[in-house]
Amino acid sequence: MRIVKVNASKKYNIYIDRGLLSEAGEYIREAAGGNRAVVVTDSNVDKVHSEQLMNSLRNSGYDAVKYVIPAGEESKNLQVLAEILSFMAANHFSRKDVAVALGGGVTGDITGFAAAVYMRGIRYVQIPTTVLAAVDSSVGGKTAVDLPEGKNLAGAFCQPSAVICDTAVFDTLAERDYNNGFAEVIKYGMIADEDIFDILERSIDEIIERCVKIKADIVNEDEFESGRRQILNFGHSIGHAYEKLSGFSMLHGEAVACGMVKICRIAAAKGICADSCADRLTEALMKFGLPVKADYSAEDVAEMMKMDKKASGDSINLVLPLKPGRVKIEKTPLESLKDLLETGE
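What you see is a predicted model; the values in this text were computed from it and never measured. (Residues numbered from 1 in each chain as written. Predicted model: local features only at pLDDT ≥ 70, side-chain atom pairs only at ≥ 80, totals over all residues. Heavy atoms only, no water.)

## Digging into the pattern of salt bridges
Here's step 1: In the structure shown here, the tally under the stated rule is 25 salt bridges.
Here's step 2: Note that Lys151 and Glu73 form a salt bridge whose closest N and O atoms lie 3.0 Å from each other. With Lys151 in strand β8 (residues 150–157) and Glu73 in the loop between β4 (63–69) and α3 (78–90), the pair connects residues that are 78 residues apart, well separated along the chain. As far as the burial class goes, Lys151 and Glu73 line up, both buried. (Salt bridge = Lys/Arg side-chain N within 4 Å of Asp/Glu carboxyl O. Helix = DSSP H or I, 4+ residues; strand = E, 2+ residues; numbered from the N terminus. Buried < 20%, exposed > 50% of the residue type's maximum accessible area, 1.4 Å probe, protein only.)

## A word on the packing of aromatic side chains
Here's step 1: Taken as a whole and assessed by the stated rule, the structure comprises six aromatic pairs.
Here's step 2: Taken together, a centroid distance of 4.2 Å and an interplanar angle of 10 degrees make the contact between Phe182 and Phe288 stacked. Here Phe288 lies in the loop between α11 (275–287) and α12 (298–305) and Phe182 lies in helix α7 (residues 182–191), a separation of 106 residues in the sequence.
Here's step 3: The positively charged end of Arg36 is found above the aromatic ring belonging to Phe93, 4.6 Å away from the centroid.
Here's step 4: Above the ring of Tyr188, the side-chain terminus of Lys187 is found at 5.0 Å from the ring centroid. (Phe/Tyr/Trp six-rings, centres within 6.5 Å; stacked < 30°, edge-to-face > 60°. Lys NZ or Arg CZ within 6 Å of the ring centre and 35° of its normal.)

## Description of helix α2 (residues 43–59)
Here's step 1: Across its 17 residues, α2 extends 24 Å between first and last C-alpha, which sits within 8% of the 24 Å expected from 1.5 Å per residue.
Here's step 2: The largest bend in α2 amounts to roughly 60 degrees and is located at His49.
Here's step 3: All of the buried residues along α2 are Val45, His49, Ser50, Leu53, Met54, Ser56 and Leu57.
Here's step 4: On the buried face of α2, the contacting elements are α1 (24–32), β3 (36–42), β4, β5 (98–103) and β6 (123–128).
Here's step 5: Near the N-terminus of α2, the side chain that reaches the backbone nitrogen of Asn44, with its oxygen 2.8 Å away, is that of Asp42.
Here's step 6: In the segment just after α2, Gly61 is the residue with positive phi, at about 95 degrees. (Expected span 1.5 Å × (residues − 1). Bend = angle between axes of the 7 residues up to and from the residue. Contact = heavy atoms within 4.5 Å. Polar contact = N/O pair within 3.5 Å; in protein donor to acceptor, adjacent residues only side chain to side chain.)

## Points about the packing of α7 against α11
Here's step 1: Remark: α7 packs on α11, axes separated minimally by 10 Å, with the N-to-C direction vectors making an angle of 155 degrees. Here α7 is positioned roughly antiparallel relative to α11, judged by the angle of their axes. Crossing geometry of α7 relative to α11 is assigned as right-handed. Of the residues in α11, those touching α7 at Ala183, Ile186 and Met190 are Cys277, Leu281, Ala284 and Leu285. (Axes fitted to C-alpha atoms, helices over the stretch in contact; angles between N-to-C directions. Parallel < 35°, antiparallel > 145°, perpendicular 65-115°, else oblique. Left-handed = near helix turned anticlockwise from the far one by under 90°.)

Below is the structure:
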């Protein structure tokens, strides 16, 4: 087993191995305690993984109940959040109990937010079932739901008690969903560790460990995103705009892939990085069948980016590549976004 330690405001472990789901109850008991557990999952994951987790929780002494949300980004909203909170209240959950997120980023984000606000905070555990969630959203304590105006605009920082990553569950993913996660893997190669480009064909356990170590180090240094943690947003401000403009027909990783290439092309046009930077990124993304361009107008993307949670006042911080493995944060006026996006055409 691979174990990565996070030393943020709450210290916790990330466990990575095949077959952990059947043992999850023991790890949750050790990390979070409590007598009762609510498992939040989505309608797709429920069909293949819930029973194993529920059995593990009950075998570990938990009185476990389950709440299933419809699969898809559309469920990451205030109404579904309220439904989860009401379910917990109706089942008389207390501050001593634990919430368990079993699913991808949507499930993890909304369950973490529910845990953050229910009775002003209860413990929760992340069990990611996608590569994307394993290397990104399950680690670091950022929880949120979407508003009609944009992604992740309502949320809270709330660190989990543990992250349990059973890489065997990825065997059940469709190819598109599996590959979707590699946009975030490749992101780590762009922002912090160029060597990741050379390990993309290795075991998924090793890849996830490498990525979460990078994220853990960044979170340990800057838990609340006031400085260095912002580099994790590489490609995301543009990517979130693409995702929203597509009506979420683009998966998150697909939108981020296009956003990363776009910001690389912009940086190259401004002389901040070489053209080869975008070329190397594009080649890596295309190996996993990820798109590298989204056909939305600069005006529409710019307007959507103005609603991004990273916008502040009349500016937004963009993460620009210097070369693979190194980026910088640049404060950019909102009024210049349209022209900037046209630069990278």
